[in-house]
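Observations on the three-dimensional arrangement
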Amino acid sequence: MKPLLDPIRLNNLELKNGFIVAPMTTYSSLDNGCISPDELPYLARRAQGGFGAIMTAACYVHSSGKAFTGQWGCDHDNKLDSLRSVAQAIQSNGAKAILQIHHGGRQCPPKLAGGECISASAIAAENPNAVIPREMIDTEIERTIEDYAQAALRAKVAGYDAVEIHGANTYLIQQFVSPHSNRREDKWNPNDLLFPKRLVEAVLRAVGPDFPVGYRFSPEEPETPGIRLDRTKRLIDELCKFKLSFLHISLRNYDQKSIHADSEEPILKQISVHINGRLPLIGVGSIRSAEDVSKALQLGPTALAIARGAICDVDWVKHYAAGTPIRATLSKADFPQAYVLPAGLAKRVEDVPGWFDFAE
Ligand SMILES: Cc1cc2nc3c(=O)[nH]c(=O)nc-3n(C[C@H](O)[C@H](O)[C@H](O)COP(=O)(O)O)c2cc1C
């Protein structure tokens, strides 16, 4: 039997296999933050393709955290029907449904986020045209933690199998962990890691002891000051004290090395070794073939997430299991029809340079 095709347990989350569709923003939801009809077939088709679980697009926990046009939300009970329809589209096609809960912080364009953007400190990201965010006050931080907790509870009520806390990819939680975006000297300073600790605690309390919760993190940042692996290892040590179901690293390539430390050991290996079995770890990053699966697993993760691969090949897991070729590129000739994509996502896939490969 090829690796990861058997049922697998991520603590209290059981999957029929160890392949998970990584979270992917769809840029396609309605302006009111509800799911649009063409996102459901997109998710259902990936579930039919054999994945053990599907993580949803990042879903904002408060309207101040909306980071993309066409992002969907879990910020209010009036989103319950929308949330439920996604869980059902995934589950009725045989996969577990995992809601990714998110707040964009300083990465939110103010026009999407109610006129301003907020973060740990009033420090702009190092991107052209980045806006200087407003520093959050103490009560606002407490309320935001509660927004994540209520969003997680909504996921449970709407029938999801798990939630993933989006602590990666430069968004609000990472902004509190990073010494670049967090210059605070109060209890929310970046070194004490109080924000992620309090947030995980609040989410777990809201959903109760049996509902699976995972946490996604980015292991390092290019900025100076910024997150380095030693800080990430300290974060992991704190996260391992909680009854989480999994940790999920965010990497572009599963075998990438640190951009700062001169170690030849891939980050995924270093992090797996550091976790040392305390929690299951999901690996990710340019997994395009059965050979990549074997090589990635040698670096120690428990399960693997696949993002762009699941766009290019709707039957990714079926092809892997059968030993038939897995498509790693898109074909101009049958794009977008053959890929069952919502319109907003199809447009981004075509327009963003370097993201996807089109074969003729
Ligand atoms: C279209 C697209 C949207 C994405 N949206 C999210 C998201 O909402 N949340 C998230 O954590 N990562 C997001 N990512 C990152 C992926 O989850 C994944 O980490 C990354 O693409 C590397 O995996 P891959 O090489 O299999 O694509 C997105 C990636 C793509 C291609």
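One structure accompanies this document, and this report is about it. (Residues numbered from 1 in each chain as written. Predicted model: local features only at pLDDT ≥ 70, side-chain atom pairs only at ≥ 80, totals over all residues. Heavy atoms only, no water.)

**Points about the overall build of the protein chain**
Convention followed: Strands are runs of DSSP state E lasting at least 2 residues, helices are runs of H or I lasting at least 4, and numbering of each runs from the N terminus. Values of the radius of gyration come from C-alpha atoms, whereas the globule rule sets the reference at 2.2 Å times the count of residues to the power 0.38. Here, residues are in contact when the closest pair of their heavy atoms is within 4.5 Å. We get accessible surface area from the Shrake-Rupley algorithm with a probe of 1.4 Å; when it comes to residues, only the shown protein chains can shield them. The charge count includes Lys and Arg as positive and Asp and Glu as negative, but it does not include His or the ends of the chains. Charge coordinates come from a single atom per side chain, which is NZ of Lys, CZ of Arg, CG of Asp or CD of Glu.
The secondary structure content of the protein chain amounts to 11 helices and 16 strands. For a compact globule of 360 residues, the expected C-alpha radius of gyration is about 21 Å, and the protein chain comes in at 19 Å, within 12% of that figure. Considering only C-alpha atoms, the protein chain reaches an extent of 55 × 45 × 45 Å along its principal axes. Looking at the protein chain alone, contacts between residues at least 24 apart form 70% of all its contacts between residues at least 6 apart. On the protein chain, roughly 14300 Å² of surface is accessible, and the fraction owed to carbon and sulfur atoms is 51%. Each charge class in the protein chain was averaged separately, 40 positive and 42 negative side chains, and the resulting centres sit 2 Å apart.

**Brief notes about helix α11 (residues 343–351)**
To keep it simple, the criterion reads: Only protein chains enter the calculation, and the probe is 1.4 Å; a residue is then buried if its accessible area is under 20% of its type maximum, exposed if over 50%, and partly exposed in between.
For α11, every residue scored as buried is listed here: G344, L345, A346 and V349. The secondary structure elements touched by the buried residues of α11 are α1 (39–48), α9 (308–312), β15 (330–331) and β16 (358–359).

**Points about the side chain of S82**
The topology assignment puts S82 in helix α2 (residues 80–91). For S82, a relative accessible area of 6% translates into the label buried. If near-sequence neighbours (up to four positions away) are discounted, S82 is found in contact with G33, C34, I35 and W72.

**As for the site of the ligand**
Put simply, the rule is: The near set for a molecule or strand comprises every residue that places at least one heavy atom within 4 Å of it. Identification of polar contacts relies on pairs of N or O atoms within 3.5 Å, with a donor-acceptor requirement for protein atoms, meaning one able to donate a hydrogen and the other able to accept it, and with residues adjacent in sequence counted only if both atoms are side-chain atoms. Charged residues are taken to be Asp, Glu, Lys and Arg, nonpolar residues to be Ala, Val, Leu, Ile, Met, Phe, Trp, Tyr, Cys and Pro, and polar residues to be all remaining types, Gly included.
Taken together, 19 residues surround the ligand, and among them P23, T25, R216, S286 and R308 come closest. One of the side-chain N or O atoms of H166 is found 3.1 Å from an oxygen atom in the ligand. For the ligand, an oxygen atom lies 2.7 Å from a polar atom in the side chain of R308. For the ligand, the accessible surface in isolation is 610 Å², of which the surrounding protein chains cover 92%. Residues that form the shell around the ligand fall into these classes: 10 nonpolar, six polar and three charged.

**Focus on the pattern of salt bridges**
Convention followed: What counts as a salt bridge is simple: a side-chain nitrogen of Lys or Arg found within 4 Å of a carboxyl oxygen of Asp or Glu.
The full count for this structure, using the stated rule, is 21 salt bridges. Notably, a salt bridge pairs R45 with D315, separated by 2.8 Å at the nearest N-O pair. Of this pair, R45 sits in helix α1 while D315 is found in the loop between α9 and α10 (316–322), placing the two residues 270 residues apart along the sequence. Using a relative accessible area of 16% as the deciding quantity, one classes D315 as buried. Of the charged contacts, one joins D77 and R154 as a salt bridge, the two residues approaching to 2.9 Å between their closest N and O atoms. Here the residue D77 occupies a position in the loop between β6 (72–73) and α2, and R154 occupies one in helix α3 (residues 138–157), the gap between them amounting to 77 residues. When its relative accessible area of 48% is taken as the criterion, D77 is described as partly exposed. Residue R154 is classed as buried on the basis of its relative accessible area, which comes to 11%.

**What about helix α6 (residues 229–239)?**
Counting along an α-helix, one turn takes 3.6 residues, and residues three or four places apart therefore face a common direction. Residues of α6 that are buried include every one of L229, R231, T232, L235, I236, E238 and L239, and no others. Buried residues belonging to α6 abut α4 (172–177), α5 (194–207), β11 (213–217), β12 (246–249) and α7 (267–275).

**Topic: the environment of N169**
Inspection of the secondary structure puts N169 in the loop between β10 (162–167) and α4. Residue N169 is classed as partly exposed on the basis of its relative accessible area, which comes to 30%. Sequence separation between N169 and P219 is 50 residues, and the spatial gap between their C-alpha atoms is 9.5 Å. Leave out the neighbours within four places in its chain, and N169 touches Q174, R216, S218 and S250.

**A closer look at the nonpolar core**
The nonpolar side chains of a soluble globular protein tend to be buried, and buried together. The line we're drawing: Joining through side-chain atoms within 4.5 Å is the link that ties buried Ala, Val, Leu, Ile, Met, Phe, Trp, Tyr and Cys residues into a set, and such a set is a nonpolar core.
Counting 117 residues, the largest nonpolar core has Y160 and L247 as its most contacted members. Residues in contact with L247, not counting those within four places in the same chain, are Y215, F217, I236, L239, C240, I275, L279, P280, L281 and I282.

In short, shape yes, function no, at least from these values alone.
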